Amino acid sequence: MRSWFKKKTKIKYPKFWNTYKSYFEKEELNIPLKDVTFVVFDTETTGFNYANDRVLSIGAVKVIGNIIDVKTSFEVYLDQTAFNPETVEIHGIMKNTKFEKIQETKALREFLAYTKDAVIVAHHVYFDITMMNKVLERNGLPPLLNRTLDTGYLFKKTKAINTLLKNDRGYSLDDVCKELNIPIKDRHTAAGDAMLTAQAFLKILARLKFKPESTLKSLIRK
Amino acid sequence: MKNTIADRVYDFLKKYPPFDIIKKEDLITIAENVIIAYLEKGKVLFKNDDNRHEHFYIVKEGGVVLKKNELADAEIIDICDEGDVFGLRPLITNDSYMMTAIAEEEALVYGIPIEVFKPILAKEQNVGLFLIESFTSKTKNPFTKKYSDDLYQNTEALNVGEKDFQELQVIRYTKDPFCIDKDDLVIKAATRMSENKVGSLIVVDDDNLPIGILTDKDFRHKIVTGMFSTKVPVSQIMSFPVETFKKTLTVTEAQLAMVKNKTGHLVITEDGTDQTKAIGILTEHDVVISQGNSASGLMKAIRRSRSSKELRKIRQQITQLLKGYIFQNIPLTIITQIIHELNEALTIRVIEIALDRMPEKPPVQFAWLSLGSHGRKEQLLVTDQDNALVFEDVPEDKYEEVKKYFLILATKVNILLNKVGYEFCPADMMARNPKWCQSLTEWKTQFSHWIHHVDNEDILYSSIFFDFNRTYGNKEIVKELSDSIFSATEYNPLFFTLMGRSALQNPSPLGFFRQFLVEQDGEHKDMFDIKARALMPLIDGARILILSHKIKSVNNTAERYERLAELEPANKDFYLSCSYAVKALIKFRTKHGLLYHSTGRYIVLKELTKEERLKLKRCFKTISELQELIKIRFKVAQFL
């Protein structure tokens, strides 16, 4: 038993991971909701296969107390040519893109430094988190440590789900935006979707009607 | 680095003033630093007395209502929707907020950081002007000078609408003017003037800089009268100081400068100041010949004209002149005065022509009264006729004959005016109508009836008559009539209450745009009736208030408010803002009318720019306050 633990701690992670990890040393669930930093993010990928597909771009915004500061938005495009198995068809944006592209490792490092211990929010968060964890895995790193929230799930909480209404189904980001009156722009760019998701998240939070003194705990429990 | 979110913010901002006129690179910097705030319905963004935020705001989606305070029944100052900026106070002063901003519905607002914005503001004065306009549209005091000083502490007067001046013709002046040294004797000056056949000389100092002007008039007044001998230096009899101008002086500017300085001669210098050499001289004569349709030129033409056909042409030229004035941003007070004088002269000429065509002279004294906007001296565009005739009392046996004479005369005048371009009044409120062509005693009885046995239509009639203006004829009759009207209104609170009620018929238009926006994709494609909704409440308000002070000599609405400001010092600012609103609205209507060749009364909302809407909104706020005041002061509430 002891030797198993020893073996685990022996693995030496790069400094950026340790810095990232250090943010999680004391977990605080009792911070008021208005003080919580949420990182609302989205990834664009070559497809939906966790094993073969790759992340092409990551977009994110920070939400603190109902405010999104444009300055703190995050947007990177990844250079995936080296990793691409021939079976994977790359989207047009990938080939002809004119923006600066960075290596996966660098993207990862920047994303972790950006996100720190924030609560990660995404629409159908499981997919994006898994894609990110695959990136981590390929770089010899453990999965993300952040708490996560799914706007798809939270959105359903705002509705009376009823078999008669036949509304117990999945809601795409388009569906959610439509129901919440969010004008759809830049759909299918990571930053654009992150922005839409952030707006949806804010509107959903308002609809969940938390008390002013509510803490992160009450949101996680939803 | 690509920044999709900042790009989107940029795309949004660039659609709305004042961001639409900010340079692209500056606007991108702004966009990158914007904060996006989500407000759920009822959420307070800032409160009255809150410390200033580091941002001012623009509504991205939804609506934000600005109120005096956060109480549910607090007075609404404005309702902002997509593209409206608000919370500007931190940009302009260091005070805390003077109003409360609440999300009227779920809203997304962009916060523009003051720190990033201020350097841009310093570069772009038009941006500042717009923001001041916007700021003051939400504050009580519409006089922006103070705030523009705060914004531009180190700059001189703001160049309002500079580009409009480009349309103006530059006046042609006489080059290489004749000059004379200040120490030369008068006799030498006289010789030089007659040798060169000129009416004036510019007097220059040792450095050849203009210090005065010598004209025929100076000789007439100062030499011929024996006040001075012909052996004194010209500096003793010259007119000074000299008014100097740049050679880019326009015709209108020249006219105004002459009127303002009561002089017929302007000196043109190299840089426009008296510290450079004179390069030309401009006389009244130059002004007259350089533009045939100048105000004074038109006035002369009116006096010389002999037919309605000629007058019709002149009337069209008056509209052209008006157009020039309006688009040059000449103060409306001056415009209305000039145009009124021309309208008045034109009407007088029409009456004179009609009198010439009568077989005999009028049997008794009479007066021609102009009513409505002409009577208030605020008619700019050609509107319907509104007029009446009053004649001296005559013995009963003569009455029929006299009345018949004046009806024939009035009919001629009405027809001539129609030919000139003034449409007949659809309600037949014109002197050719026997009801509007009466003897003095008949008129007095009529008024007494209107005032003491009021119904709604009577209020309408008598309202019109409080704004009458004697255009032609006997002064005494008119004075007697107006004295009798005013004494009848005294000690008659019911009359004032009813008049107050009629002044409140049109509800305040505040919030109108909001409503319009919400219902845009439906059947609601109404136009905005600027006359009924905005101007009439102000005109009616001025009338009842000035009557309650028993002032009868002031007819013009803006002047009435200015007088009220003197009479009630406690409400001075408010009345001045009313006067401002009247002028702004009249100008707005006139501009619109000129643009669409209409009376300007109905305004297509879609075609308004954001700035125009702001201007209107600012006036609306004043209107609703005015209506509150009337409601309370004349105890109208019980009738509403």
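This one's a predicted model, so the numbers in the text were calculated from it and none came from an experiment.

Visitor: Please provide a residue-by-residue account of the sheet that holds strand β19 (residues 469–473) of chain B, values included.
Guide: All names here are of chain B. Spatial strand order, β18-β17-β16-β19: four strands in an open sheet with mixed pairing. This sheet does not close on itself; its edge strands, each paired only once, are β18 (437–439) and β19. Here the average twist between neighbouring strands, direction ignored, is 25°. Each of β16 (366–370), β17 (387–391) and β18 is contacted by helix α15 (residues 396–420), which is oriented at about 155° to β17, the strand it contacts most. Sheet contacts for helix α16 (residues 440–452): β17 and β18; angle to β18, the most-contacted strand, approximately 100°.

Visitor: Please set out the interface of chain B and chain A residue by residue, giving values where relevant.
Guide: Listed as interface residues are 20 residues of chain B and, on the opposing side, 26 residues of chain A. Roughly 2000 Å² of surface becomes buried between chain B and chain A when both sides are summed, with 57% attributable to carbon and sulfur atoms. One can count two salt bridges joining chain B with chain A. As a salt-bridge pair, arginine 207 of chain A and glutamate 106 of chain B come within 2.7 Å of each other at their nearest N and O atoms.

Visitor: Kindly report on the packing of aromatic side chains, identifying the contributing residues and their values.
Guide: Counting across every chain of the model gives 32 aromatic pairs over all chains. Centre to centre, the rings of phenylalanine 574 of chain B and tyrosine 575 of chain B are 5.6 Å apart; their planes meet at 50°, and the pair counts as tilted. Here the two residues phenylalanine 574 of chain B and tyrosine 575 of chain B agree in accessibility, since each one is buried. One aromatic cluster in this structure is built from Phe366, Phe391, Tyr399, Tyr405, Phe406 and Tyr472 of chain B. When the ring centre of tyrosine 114 of chain A is taken as reference, the NZ or CZ atom of lysine 62 of chain A above it lies at 4.5 Å. Stacked on the ring of phenylalanine 12 of chain B, the Lys or Arg lysine 60 of chain B has its end atom at 5.5 Å from the ring centre.

Visitor: Help me get a handle on the side chain of threonine 43 of chain A, residues and values and all.
Guide: Relative to the assigned elements, threonine 43 of chain A resides in strand β1 (residues 37–45). When neighbours within four sequence positions are excluded, threonine 43 of chain A is seen to be in contact with Val55, Ser57, Ile58, Phe127, Asp128, Met132 and Ala190 of chain A.

Visitor: Before we move on, can you summarise the pairing of strand β4 (residues 74–77) of chain A with the specific residues and values?
Guide: All names here are of chain A. Residue alternation in β4 divides its side chains into two sets, Phe74 and Val76 and Glu75 and Tyr77, and both sets are buried. Bridge analysis of strand β2 (residues 55–64) against β4 gives four bridges, and the strand direction is antiparallel. From the neighbouring strand, glycine 59 faces β4, where its bridge partner is glutamate 75.

Visitor: An account of the confidence of the model for chain B is needed here, citing residue identities and associated values.
Guide: Residue and element names in this part refer to chain B. Per-chain confidence: chain B averages 81 in pLDDT, with 87% of residues scoring 70 or above. Every residue in residues 140–168 scores below 50 in pLDDT, and together they form 47 contacts with partners more than four places removed in sequence or on other chains. Contacts for the low-pLDDT stretch residues 512–524, under 50 throughout, to residues beyond four places or in other chains number 21 contacts.

Visitor: Hey, could you go over the sheet that holds strand β7 (residues 100–103) of chain B for me, with residue numbers and the actual values?
Guide: Residues and elements named next belong to chain B. If you trace the four strands from one edge of the open sheet to the other, you get β2-β7-β4-β5, paired in antiparallel fashion. Edge positions in the sheet fall to β2 (44–46) and β5 (76–80), since each of these pairs with one other strand and no more. Taking the axes of each pair of neighbouring strands and ignoring which way they run, one obtains an average angle of 25° across the sheet. With two bridges joining them, β2 and β7 adopt antiparallel strand pairing. Within β7, the residue paired with valine 44 across the bridge is isoleucine 102.

Visitor: How would you summarise the pattern of salt bridges if you had to cite specific residues and measurements?
Guide: A side chain with one charge can pair with a side chain of the opposite charge if their charged atoms come near. The tally for this structure, following the rule as stated, stands at 27 salt bridges over all chains. Close ionic contact of lysine 34 of chain A with aspartate 35 of chain A constitutes a salt bridge, the shortest N to O distance being 3.8 Å. Classification of aspartate 35 of chain A by relative accessible area gives partly exposed; the value is 42%. Among the ionic pairs, aspartate 11 of chain B bridges to lysine 14 of chain B, the shortest N-O distance being 3.6 Å. Given a relative accessible area of 31%, aspartate 11 of chain B falls into the partly exposed group. Counted as one network, the salt bridges with shared partners bring together Arg376, Glu378, Asp467, Asp540, Arg543 and Arg560 of chain B.

Visitor: Give me the environment of alanine 431 of chain B: which residues, what numbers.
Guide: Its place among the elements puts alanine 431 of chain B in the loop between α15 and β18. With near-sequence residues (within four places) excluded, alanine 431 of chain B lies in contact with Trp368, Asn387, Ala388, Leu389, Leu407, Ala410, Asn414, Trp436 and Cys437 of chain B.

Reading guide: rules and limits
Residues numbered from 1 in each chain as written. Chains lettered and ligands numbered in written order. Predicted model: local features only at pLDDT ≥ 70, side-chain atom pairs only at ≥ 80, totals over all residues. Heavy atoms only, no water. Pairing = 2+ DSSP bridges. Helix = DSSP H or I, 4+ residues; strand = E, 2+ residues; numbered from the N terminus. Axes fitted to C-alpha atoms, helices over the stretch in contact; angles between N-to-C directions. Contact = heavy atoms within 4.5 Å. Buried area = accessible area lost by both parts, 1.4 Å probe. Salt bridge = Lys/Arg side-chain N within 4 Å of Asp/Glu carboxyl O. Phe/Tyr/Trp six-rings, centres within 6.5 Å; stacked < 30°, edge-to-face > 60°. Buried < 20%, exposed > 50% of the residue type's maximum accessible area, 1.4 Å probe, protein only. Lys NZ or Arg CZ within 6 Å of the ring centre and 35° of its normal. pLDDT = per-residue confidence, 0-100.

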